[in-house]
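Residue-level listing of the chains:
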Amino acid sequence: MENLRTLSSLAMGTIMVCTGAVAAEVGERISFVSCPIIRDTRTVPCWTSEYEDTTYYLTIQSDVTTPVPTPFLGHKVLVEGVVSDKPQICGGVVIDDIMLTALPEIDANCNTMLPADDRYEIDFNPRPPGPSGGRLAFNTAPSEPPPPPEGPQTIDMYFDFDRGITFRHPRNLTGVMRTAEQIGATRMEVIGFRGAHRLSDGSLLQESESTGQRRAKEVAELLHGAGLDLETTISWTDSVDEADGIYDWQSRRVRVLLTP
Amino acid sequence: MTELKTYLLKRHHGLLVSAVVIGSTLTIYSENASSEWWTPGEDTPIAPYIEYANEYGTVGVLNTEGTVITDGHPFFEDLGENGRGCVTCHQPADGMSLSLSSIQERWEETGGMDPLFAAVDGMDCPNLPAGEADSHSLLLKRGLIRINLPWPPVDQAGNTIDPEFSIEVVRDPTGCNNDPVYGLEGERQEISVYRRPRLAGNLRYVASSSFGVGPFIGKTGELAGIDPETGRPVNMNMMADARVFTLKMQAQSAATSHLEILGGLSAEQLQQIKDFEQQLYVAQAFSFGAGRLVEEGGPSGLGPQAMAAGRDGLLGNNITNYVFPMENKWADLPDGGTEDEAARNAFRESVQRGHDNFFFRTFFIKDAQHINTVGMGNPIKRTCATCHGMHMTGMDAANGWMDLGTTNHPWALEPAESPWAEEMPEMPLFRVTCRSDLPPHPFLGREIYTQDPGRALISGKCQDVGAIVMQQMRGLSARAPYFSNGSAANLRELVDFYDRRFNIRYTEQEKIDLINFLSVL
């Protein structure tokens, strides 16, 4: 998330255009589902979305290291975060602490591509829309390696809505394997969770019933397949009553408990 | 006065094939065109460096370990039941692949008796009438070899995979997928798809595990393939569907299937093939338009010698490495002292523009599975080099299967069906129905029509339907047609496909520049 805050603060220099719409109150936590909109610029495209007559800025195109999943046209996007009073970007109200995920079902209505407009300029893109300068957009490696873990460890892996393992997870999975080796793990417990979201309109958006089970089995199978040969317990839960609209994206997860 | 130079292009079967260059125009004089065909078991040593003529100039084949003695070499010998060797489908003159023109010439010269046309996969289906061109229609028209795969799929350990989708045959022009023996519901429970032979050169790059290889596949998080010899994860970029993924595994798979070697190859033979393939480099060496591609002071990324010198496992989609380094050498050339020099320099400038277009010209890449799904969003505004990003080959990064639409509807090329159409669809068509309890394919939904499900026939995953491992971009001039299903007959059709698929709206000059650029790779 720190990377996103950096992006937002870097955006201070961008040209601001108010839409005239009334946004939710600054500091208010919002959660909504809407179609994403992509707008071209002279540099990289930016993504916005409209909710209750307000246009929100979501993110810009960067590369595979982006800390927040970039939306898909053809799919609605689930948006979570806190309304900010930072200068608007691409004509949209900035959302701090933002998390996005594309909903899995195809929605042909979500197909708006807007042309570049001189009013909107992205001058804080960490990666141009073509070849890079030789490094990825976000430096995801820690500046100093953390001290080796000791004792039991808990590792959480987060997922896109209704989805299982994707390109985001190799780093998580190799992290589990490395940690298991470092602590000399003998047991592993894999717990899958079915996520749920309390939206700003009060409704509850739940993942499919079998999602927690599917995730737990998939993670355990992958770790075993990669050679992590531990006594393993797999479980899952379909409980969704904790959704309160605050960091609900973290409910879409698998928790791995490693015991020496 | 016109300068006239004669180049010795190759020595093969004791025949000299020479080229006469008049100004910038090169004419190939071959005493016997069929001499370019390499027959298994002919035992002619293959020289350290040979050039072969093609439509755009010559392709160079470089053996960095020197002369290869082919007598007894398993790549060049006929070791199986059907008379084929590896070289049958990986011909040096075709840049170690197999061009449609060579296939058609071979058919004419042998009356269809060459082992290339063996029933096992040189026919549309093995039980069709022998010796009839119609029985080999996809090989003769599109350069396609039949690939028969088990359905449902089987994993590396031999376990049957429970697929995420069902598959039905919608159209079966070859008759094989509805066949009572070879069909999907037949005795053997196989599915037949039809694919081009891939380039068996520059494989040091293709098989490199120096970039993006780990226990989990970078694009999907699934388990990476494991080299049975080392126990280590490997790059899975060798075959169209990544069903096997080391040089030895590929050789053994081809030996038992395409070559019908009943007991397979020995460990020693597999090592010989691996050693040969890892020192073999292929690239266009001479261009009718641009002249010599390997010359002092020229672009460092062209020609087979550059392939031999280059670094594998290096990402090139950046301005530090580049995919195909040209150092802007051909960006602004003098008009030249003669008309021929001026024409050459103009062509070279076109190649440079084509390169710059490939590398820098942005467009929106949309609905391409395994590129739009790796965090950048759908669509992404990027360039050709985003996908074709690996240094020197233009392949994708590790585990580079991707769906560009070459085999999936609505983008796969087929003749329009109408009461007035004379041309009929040649490729099979399958309907894939993804399970309702799992997320759909993000861009194609739960019902997908495809000529070839690609990687999904191996993984059993809905998201992989139509995903094909990207090929390297070298030696293109020697090995038309293009794409795994041979749907682009030439470089123009290849560029046109991308233009249409991604609504790029290239100008005519941009297309010419891109074709010229591709022709010198």
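Residues numbered from 1 in each chain as written. Chains lettered and ligands numbered in written order. Predicted model: local features only at pLDDT ≥ 70, side-chain atom pairs only at ≥ 80, totals over all residues.

Mind showing me how you'd approach the domain arrangement of chain A here?
Accessible area lost upon the coming together of the parts is a frequently used measure of interface size. Residue and element names in this part refer to chain A. Assigned domains of chain A: these are domain 1 (2–114) and domain 2 (153–259). Each partner contributes residues to the interface: domain 1 has 13 residues there, and domain 2 has 13 residues. Put simply, the parts of the chain that give the side of domain 1 that touches domain 2 at least two residues each are strand E1 (29–34), strand E5 (77–83) and strand E6 (93–102). A per-element tally of the side of domain 1 that touches domain 2 places E1 first, with five residues. Considered class by class, the residues forming the side of domain 1 that touches domain 2 number nine nonpolar, two polar and two charged. (Domains from an automatic or database assignment. Contact = placed C-beta atoms within 7 Å. Helix = DSSP H or I, 4+ residues; strand = E, 2+ residues; numbered from the N terminus. Nonpolar A, V, L, I, M, F, W, Y, C, P; charged D, E, K, R; others polar.)

Sorry, what's going on with the nonpolar core here?
Buried together is how nonpolar side chains tend to be arranged in soluble globular proteins. Counting 154 residues, the largest nonpolar core has Val219(A) and Leu223(A) as its most contacted members. Element by element, the count of residues in this core is highest for strand E9 (residues 280–287) of chain B, at six residues. With 32 residues, the next largest nonpolar core counts Val44(A), Tyr56(A), Cys90(A) and Val93(A) among its residues. (Core = buried A, V, L, I, M, F, W, Y, C linked by C-beta atoms within 7 Å. Buried ≥ 20, exposed ≤ 12 C-beta atoms within 10 Å, placed from the backbone.)

Explanation requested: the sheet that holds strand E4 (residues 54–60) of chain A in the structure shown.
Hydrogen bonds along the backbone pair up the strands of a sheet, which may run parallel or antiparallel. Residues and elements named next belong to chain A. An order of E1-E5-E6-E4-E3-E2-E7 is seen for the seven strands of this open sheet, with the pairing classed as mixed. If you trace the sheet from one side to the other, it starts and ends with E1 and strand E7 (112–114), each paired once. The sheet shows a mean angle of 35° between the axes of neighbouring strands, direction not considered. Taken together, the six bridges between E5 and E6 define a ladder with antiparallel strand orientation. In the strand pairing of E6, valine 77 is matched with alanine 102. (Pairing = 2+ DSSP bridges. Axes fitted to C-alpha atoms, helices over the stretch in contact; angles between N-to-C directions.)

Just to check I follow, could you spell out the packing of helix H12 (residues 491–501) of chain B against helix H13 (residues 508–519) of chain B for this structure?
Packed helices, taken two at a time, are described by the angle between their axes plus the distance between the axes. Residues and elements named next belong to chain B. At a minimum axis distance of 10 Å, the contact between H12 and H13 shows a crossing angle of 125°. On the basis of their axis angle, the class for H12 and H13 is oblique. As H12 runs across H13, the sense of the crossing is right-handed. Between H12 and H13, the contacting residues are Leu491, Arg492 and Val495 on the first element and Lys511, Leu514, Ile515, Leu518 and Ser519 on the second. Within the contact of H12 with H13, the residues separate by chemical class into five nonpolar, one polar and two charged. (Parallel < 35°, antiparallel > 145°, perpendicular 65-115°, else oblique. Left-handed = near helix turned anticlockwise from the far one by under 90°.)

Mind showing me how you'd approach the interface of chain B and chain A here?
Tallying the contact residues gives 34 residues for chain B and 37 residues for chain A. Of all the secondary-structure elements, those providing two or more residues to the side of chain B that touches chain A are helix H9 (339–360) and strand E12 (380–382) of chain B. Considering each element in turn, the side of chain B that touches chain A owes the most residues, three residues, to E12(B). A breakdown of the residues in the side of chain B that touches chain A according to their chemical character gives 15 nonpolar, 14 polar and five charged.

In this structure, what is going on with the confidence of the model for chain B? I would like to understand it.
Predicted coordinates in areas of low pLDDT are best not read in detail. All names here are of chain B. Across chain B, pLDDT averages 92, with 93% of residues at or above 70. Confidence drops under pLDDT 50 across residues 1–34; counting only partners more than four residues distant or on other chains, this segment forms 60 contacts. In the model output, the complex is listed with pTM 0.92 alongside ipTM 0.90. (pLDDT = per-residue confidence, 0-100.)

Sorry if this is basic, but what is going on with unusual backbone geometry here?
Apart from glycine, the bulk of residues carry a negative phi angle, and the bulk of peptide bonds sit in the trans form. Residue and element names in this part refer to chain B. The omega angle of the peptide bond from tryptophan 151 to proline 152 is 5°, so this bond is cis rather than trans. Here proline 152 lies in the loop between strand E6 (145–150) and strand E7 (165–171). Asparagine 378 connects to proline 379 through a cis peptide bond whose omega is 5°. Inspection of the secondary structure puts proline 379 in the loop between strand E11 (363–365) and E12. In this model, glutamine 189 sits at a positive phi of 50°, which is unusual for a non-glycine residue.

Would you mind showing me how to read helix H7 (residues 267–278) of chain B here?
Residue and element names in this part refer to chain B. Taking 1.5 Å of rise per residue, twelve residues should cover 16 Å, and H7 covers 16 Å from first to last C-alpha, within 8% of that figure. Taken together, the buried positions of H7 are occupied by Gln269, Leu270, Ile273, Phe276 and Glu277. Seen along its axis, H7 keeps its buried residues to an arc of 130°; they face one direction. Those residues of H7 that are exposed and angled more than 90 degrees off the buried face are Ala267 and Glu268. In this structure, the buried side of H7 is in contact with helix H1 (86–89), helix H5 (203–206), helix H6 (247–257) and E9. (Expected span 1.5 Å × (residues − 1). Arc of directions from axis to C-beta.)

Teacher, can you tell me more about the sheet that holds E9(B) here?
Residues and elements named next belong to chain B. Within the open sheet, the four strands sit side by side as E4-E5-E9-E10. Their pairing is antiparallel. This sheet does not close on itself; its edge strands, each paired only once, are strand E4 (49–54) and strand E10 (291–292). In terms of strand pairing, E4 meets strand E5 (residues 57–63) through six bridges, oriented antiparallel. Among the inter-strand pairings, glutamate 51 is bridged to a residue of E5, identified as glycine 60.

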